[in-house]
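# A look at the structure
Each chain is listed here by its residues.
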Amino acid sequence: MNASTHSASLDGRIALVTGASSGIGRASAIELARRGAKVVVSARRKAELDRLVDEIATAGGNATAFAADVANEAELRKLFDFTVSTHGRLDIAFNNAGTEGVFAPMLEQDAQSYDRVFEPNVRGVFNSMKFAAEIMLRQGKGSIINNASMGGVIGFENASVYIASKHAVIGMTKTASIEWFKRGVRVNALCPGLIDTPFHHRGIWPSEEARLAFAESTPAGRWASADEMATVVAFLASDDASYVSGHALVADGGYSIA
């Protein structure tokens, strides 16, 4: 796996990706490793992480797996401790893990459905940011990237809890950037749009026809791939984005402005 010779090369960087077993997290781990980073991949499903590590190694990259649930603070702390004990530092943290919960009218949502979404999407990201920043602020440098959603800047019918959680991620991103940028740590949010990942195949659409039609109606006229989002993550992680912080980078094919 040859690192890019472009300035966005990440040779020697240590990266941590949560929610790496599938979708954008998986693609981002592969892309970061391709650019020369040593990547710690994490999710709840260890078997899928092991397959990802093998794939990265076969391509010549460097990756290590550590299973953890971001909604469990103790497990999350162990993940960050493992990263530092293994590599001595942390340069890039892509806080990608999260859930969509159940899409339903707001009046049908309850405390249980709220907690099911907010525990990983908000508390998990909050703790991941804190644990990453504790390491990076000691180093005087680092890049934290939080996976939000285009739903963090707009609304969707029947998605009140999910939308609220992603607005919260963007709010935390902006606040952390104000507090940490002068100390060398950049914090940004990726706001993906319609990405062809397992997220959009878990029943949030009433039918496959509706899923396809929705994408075709957007300015881009198509779904994006997880690989397209991975290159945005790599940009935010790299020195090419050295003056970018507190930004919610919307990569939605123009949907939110249409």
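Here is what the cut-offs are and how they apply
Residues numbered from 1 in each chain as written. Predicted model: local features only at pLDDT ≥ 70, side-chain atom pairs only at ≥ 80, totals over all residues. Heavy atoms only, no water. Helix = DSSP H or I, 4+ residues; strand = E, 2+ residues; numbered from the N terminus. Rg over C-alpha atoms; globule rule 2.2 N^0.38 Å. Buried < 20%, exposed > 50% of the residue type's maximum accessible area, 1.4 Å probe, protein only. Contact = heavy atoms within 4.5 Å. Areas by Shrake-Rupley, 256 points an atom, 1.4 Å probe, with all protein chains shown as cover. Lys, Arg positive; Asp, Glu negative; His and termini not counted. Charge placed at Lys NZ, Arg CZ, Asp CG, Glu CD. Pairing = 2+ DSSP bridges. Axes fitted to C-alpha atoms, helices over the stretch in contact; angles between N-to-C directions. Core = buried A, V, L, I, M, F, W, Y, C linked by side-chain atoms within 4.5 Å. Parallel < 35°, antiparallel > 145°, perpendicular 65-115°, else oblique. Left-handed = near helix turned anticlockwise from the far one by under 90°. pLDDT = per-residue confidence, 0-100. Salt bridge = Lys/Arg side-chain N within 4 Å of Asp/Glu carboxyl O. Nonpolar A, V, L, I, M, F, W, Y, C, P; charged D, E, K, R; others polar.

Tallying secondary structure elements over the protein chain gives seven helices and seven strands in all. In sequence order, the protein chain lays out its α and β elements as β-α-β-α-β-α-β-α-β-α-β-α-α-β. Here the C-alpha atoms of the protein chain give a radius of gyration of 17 Å, agreeing with the 18 Å that 2.2 N^0.38 yields for 258 residues. C-alpha atoms of the protein chain, sized along the principal axes, occupy 50 × 35 × 35 Å. Taken across its 258 residues, the protein chain has 51% of its residues classed as buried. In the protein chain, once contacts between residues fewer than 6 apart in sequence are set aside, the share between residues at least 24 apart is 70%. If you sum the accessible surface of the protein chain, you get close to 11,500 Å²; carbon and sulfur atoms cover 52% of it. Computed over 25 positive and 28 negative side-chain charges, the inter-centroid distance for the protein chain is 8 Å.

This part covers the sheet that holds strand 6 (residues 185-192). Strands pair in a sheet through their backbones, by hydrogen bonds, and they do so in one of two ways: parallel or antiparallel. Pairing within the open sheet is parallel, and its seven strands lie in the order 3-2-1-4-5-6-7. In the strand order of this sheet, the two ends are held by strand 3 (62-65) and strand 7 (248-251), each with one partner. Averaged over neighbouring strand pairs, the angle between their axes works out to 20° when direction is ignored. Where strand 1 (residues 14-17) and strand 4 (residues 92-95) come together, three bridges link them in parallel fashion. By the bridge assignment, Ala15 is partnered in strand 4 with Ile92. Helix-sheet contacts for helix 2 (residues 46-58) involve strand 2 (38-41) and strand 3, and the interaxial angle to strand 3 is about 170°. Where helix 5 (residues 160-180) meets the sheet, it contacts strand 5 (142-147), strand 6 and strand 7, and its direction lies at approximately 160° from that of strand 6.

Let us now look at the nonpolar core. One finds Leu32, Val39, Val41 and Leu190 to be the most contacted residues of the largest nonpolar core, which totals 35 residues. Those elements giving two or more residues to this core turn out to be strand 1, helix 1 (23-34), strand 2, helix 2, strand 3, strand 4, helix 7 (226-237) and strand 7. In terms of residue count, the dominant contributor to this core is helix 7 (eight residues). Each residue touching Leu190, except ones within four places of it in the same chain, is listed here: Ile24, Phe94, Ile145, Asn146, Asn147, Ala148, Ser149, Met229, Val232, Val233, Leu249 and Ala251. Ala68, Phe80, Phe118 and Ala176 belong to the second-largest nonpolar core, a separate cluster that totals 33 residues.

Moving on, we come to the packing of helix 1 against helix 7. Between helix 1 and helix 7, whose axes approach to 8 Å, the crossing angle comes to 55°. For the element pair helix 1 / helix 7, the angle class is oblique. The hand of the helix 1/helix 7 crossing is right-handed. Contacts between helix 1 and helix 7 involve Gly23, Ile24, Ala27, Ser28, Glu31 and Leu32 from the first element and Ala226, Asp227, Met229, Ala230, Thr231, Val233, Ala234 and Ala237 from the second.

A few words on the confidence of the model for the protein chain. Of the residues in the protein chain, 93% reach a pLDDT of 70 or more, and the chain-wide mean stands at 92. Note that residues 3-7 has pLDDT below 50 and, in this model, ten contacts with residues that lie over four places away or in other chains.

Right, let's talk about the pattern of salt bridges for a bit. Using the criterion set out here, one finds eleven salt bridges in the structure. A salt bridge links Arg123 to Glu119, with the shortest nitrogen-to-oxygen separation between them at 3.1 Å. Taken together, the residues span about one helical turn, with Arg123 and Glu119 both in helix 4 (residues 111-139) at a distance of four residues. Here Glu228 and Arg222 are joined by a salt bridge, their closest N and O atoms 2.8 Å apart. A relative accessible area of 31% means that Glu228 is categorised as partly exposed.

Turning our eyes to something else, we now look at the packing of helix 3 (residues 73-87) against helix 4. In contact at an axis separation of 10 Å, helix 3 and helix 4 are set at 30° when each is read in the N-to-C sense. In terms of orientation, helix 3 and helix 4 fall into the roughly parallel class. Here the hand of the crossing between helix 3 and helix 4 comes out right-handed. In this structure, helix 3 contributes Glu73, Leu76, Arg77, Phe80 and Val84 to the contact, and helix 4 contributes Gly124, Asn127, Ser128, Phe131, Ala132, Glu134 and Ile135. Residues belonging to the contact of helix 3 with helix 4 are distributed by class as follows: six nonpolar, three polar and three charged.

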